[in-house]
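Analysis of the macromolecular model
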Amino acid sequence: MRRKNKNITAEVDQADLKPDFALQKGAGAAGFSIASFRIGLVGGLGVLTALLIGNVLGQLGTVLIYIGLALFLALGLDPLVTWLEKRIHRGVAILLVVLAVLGVFAALLFAVIPVLIEQASNLVEDFPRVQDEVESSDFIKGLEATFGGSLSIGDAISSSIEFISNPENLVAIGGGLAAVGAGIASGVTGATIVLILTLFFLASLRSMKGVAYRFVPAYRRVGFAKITEEITSAVGRYVVGQLSLALCNGILSLIALSIIGAPLPFLLAMIAFLGSLVPLVGTLTASIINTLICLFVSPTTALFAGIYYLIYMQIEAYVLSPRIMSRAVAVPGAIVVIAAVAGGAIGGVLGALVAIPVAASAIIIIQKVVFPLQDAKHSPTGA
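Figured I'd write up the structure that's included with this text. (Residues numbered from 1 in each chain as written. Predicted model: local features only at pLDDT ≥ 70, side-chain atom pairs only at ≥ 80, totals over all residues. Heavy atoms only, no water.)

**Thoughts on the overall build of the protein chain**
Each helix and strand counted, the protein chain has 14 helices and zero strands in total. N-terminal to C-terminal, the α/β element order of the protein chain is α-α-α-α-α-α-α-α-α-α-α-α-α-α. Residues counted as buried form 28% of the 383 residues belonging to the protein chain. Within the protein chain, contacts between residues separated by at least 24 positions form 65% of all contacts whose residues are at least 6 apart in sequence. As displayed, the protein chain offers around 23,900 Å² of accessible surface, 72% of which is attributable to carbon and sulfur atoms. (Helix = DSSP H or I, 4+ residues; strand = E, 2+ residues; numbered from the N terminus. Buried < 20%, exposed > 50% of the residue type's maximum accessible area, 1.4 Å probe, protein only. Contact = heavy atoms within 4.5 Å. Areas by Shrake-Rupley, 256 points an atom, 1.4 Å probe, with all protein chains shown as cover.)

What follows is the structure in structure tokens.
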């Protein structure tokens with residue numbers, strides 16, 4: 001009888017427990033569904049936030065390039081300010097450097113632009129003579145004879161010169177008069193913004209570094225400040241060195257192209273200067289452009305220009321660059337090409353100019369931070 005009562009009690013207890021177990025199972029499923037919903041919601045919001053940030057950065061791409069270029073120019077001018085600071089007050093040193101930059105900028109505008117306009121006008125007036133000389137040159141006649149008269153190079157050159165000499169065609173190539181005007185206005189505006197930001201960064205570079213150091217824990221602040229100073233100094237020397245190389249290329253190009261009778265020597269020298277701001281790739285590109293422009297005068301002039309640039313690039317690679325850039329970080333040629341192409345694809349010419357110092361900064365960080373950390377690890381645990 002007792003055994004029967006125990007069995008009945010056990011059955012009753014099991015029957016009472018079944019609904020509770022079902023309720024717990026249902027509650028667990030509901031909780032899992034809520035947790036999954038929360039995870040999906042947070043993940044979706046994260047994706048939307050990332051897309052929003054990417055869109056904002058895309059819209060601000062040009063502004064970020066302006067800021068980067070101005071910052072690197074400020075780092076390039078800071079050694080001059082530091083050198084003057086040893087003799088005069090820092091505020092006066094910054095003022096003198098600012099006035100010197102503005103003076104050089106104004107001198108370039110007032111000295112080069114009138115000469116460029118005059119030489120461009122003379123070239124337009126001499127187009128018929130240049131056309132006749134090119135078409136009657138022995139080089140062109142020899143090419144036509146080689147092709148057996150099936151190709152008229154003289155007619156092709158004549159058509160090209162007529163097309164270039166028509167201002168309406170040049171405007172059409174630029175996308176219309178409004179697009180050309182917008183491009184010029186955008187370039188002037190960008191140069192002004194970069195100049196203003198450069199002066200501002202130059203004046204507040206130390207305070208900016210101090211604020212950046214505050215974001216680092218106190219026990220790491222000294223080491224971080226030391227590495228940052230090395231990076232900024234090396235980048236500054238790199239910018240100064242690249243500007244010096246570009247200036248050498250511009251001055252030597254002006255002298256050499258004037259001697260060989262190249263057209264628009266001031267304009268070609270400016271192309272060489274701007275091209276040399278982007279190392280390796282820019283120098284070679286500017287040399288090819290200037291040589292092709294000299295071809296409009298005569299094949300002999302283009303040949304002399306090509307020979308000059310071949311000699312100059314060897315001198316720059318083995319004499320000028322090692323001496324000027326000896327204290328700056330060395331950027332491998334492959335990285336220069338990759339950085340220039342990537343920067344040009346992102347931000348055009350300004351992007352290519354900024355990309356090289358960015359690559360130099362990355363190399364410095366790897367040399368000063370990553371490599372020492374890896375060298376300090378002598379076991380899998382890092383001890």
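**Topic: the environment of I366**
Considering the arrangement of structural elements, one finds I366 in helix α14 (residues 333–375). Given the relative accessible area of 36%, I366 is considered partly exposed.

**Considering helix α10 (residues 218–259)**
Taking 1.5 Å per residue as the helical rise, α10 with its 42 residues ought to reach 62 Å, and the 61 Å between its terminal C-alpha atoms agrees with that figure. Note on α10: the residue one or two positions beyond its end, G261, has a positive phi of about 75 degrees. (Expected span 1.5 Å × (residues − 1).)

**Looking at the packing of helix α9 (residues 205–214) against α10**
Packing of α9 against α10 leaves a shortest axis separation of 10 Å and a crossing angle of 140 degrees. As summarised for this structure, α9 and α10 are arranged oblique, according to the angle between their axes. Every pair of crossing elements has a handedness; the one defined by α9 and α10 is right-handed. Residue-level contacts link K209, A212, Y213 and R214 of α9 to R221, F224, A225, T228, E229 and T232 of α10. For the contact of α9 with α10, the residue count by class is four nonpolar, two polar and four charged. (Axes fitted to C-alpha atoms, helices over the stretch in contact; angles between N-to-C directions. Parallel < 35°, antiparallel > 145°, perpendicular 65-115°, else oblique. Left-handed = near helix turned anticlockwise from the far one by under 90°. Nonpolar A, V, L, I, M, F, W, Y, C, P; charged D, E, K, R; others polar.)

**Focus: the packing of aromatic side chains**
Scanning all chains against the criterion turns up four aromatic pairs. For the pair Y213 and F224, a centre-to-centre distance of 6.0 Å together with 90 degrees between the ring planes defines the contact as edge-to-face. Within this pair, whereas Y213 is found in helix α9, its partner F224 is found in helix α10, the two being separated by eleven residues in sequence. Accessibility expressed as a relative area gives 13% for Y213, which makes it buried. Clustering of aromatic rings is evident, with ring pairs tying together Y308, Y309 and Y312. (Phe/Tyr/Trp six-rings, centres within 6.5 Å; stacked < 30°, edge-to-face > 60°.)

**Some points on a nonpolar patch on the surface**
Where nonpolar side chains cluster on the molecular surface, the patch consists of L52, I53, V56, L57, L60, V63, L64 and I67 and spans about 660 Å² of accessible area. Those elements that place two or more of their residues in the nonpolar patch are α1 (2–59) and α2 (61–85). By residue number, the principal contributor to the nonpolar patch is α1, which donates four residues. Relative to the helices and strands, L57 is located in helix α1. Looking at L57, the relative accessible area reads 46%, which means it is partly exposed. (Patch = residues over 30% accessible without salt bridge, like charges linked within 9 Å, V, L, I, M, F, W, Y side chains within 5 Å. Salt bridge = Lys/Arg side-chain N within 4 Å of Asp/Glu carboxyl O.)

**Considering the packing of α10 against helix α13 (residues 299–324)**
Contact geometry for α10 and α13: axes closest at 11 Å, N-to-C directions at 150 degrees. Taken together, α10 and α13 sit at an angle that is classed as roughly antiparallel. Once α10 is placed against α13, the crossing between them reads as right-handed. Residues G241, S244, L245, C248, N249, L252, S253, A256 and L257 of α10 touch α13, and the partners they reach there are A305, Y308, Y309, Y312, E316, L320, S321 and I324. Class assignment of the residues belonging to the contact of α10 with α13 gives a composition of eleven nonpolar, five polar and one charged.

**Focus on the nonpolar core**
Of all hydrophobic cores here, the largest spans 36 residues; its most connected members are F72, V81, V235 and I356. Breaking this core down by element, the ones donating at least two residues are α2, α3 (90–125), α8 (177–203), α10 and α14. No other element matches α14, which puts ten residues into this core. For F72, the contacting residues outside a window of four places in its chain are V235, V239, V354, P357, V358 and S361. One finds L257, A272, C294 and Y312 within the second-largest nonpolar core, a separate group that totals eleven residues. (Core = buried A, V, L, I, M, F, W, Y, C linked by side-chain atoms within 4.5 Å.)

**What to know about the environment of L96**
Assignment of secondary structure puts L96 in helix α3. Considered as a pair, L96 and L84 are twelve residues apart in the sequence and their alpha carbons are 9.0 Å apart.

**Focus on α13**
Roughly 45 degrees is the biggest bend found in α13, and it falls at E316. Taken as a whole, α13 has its buried residues at T301, A302, A305, G306, Y308, Y309, Y312 and E316. Buried residues along α13 sit in contact with α10, α11 (265–276) and α12 (281–294). (Bend = angle between axes of the 7 residues up to and from the residue.)

Purely spatial values, then, with no claim about function.
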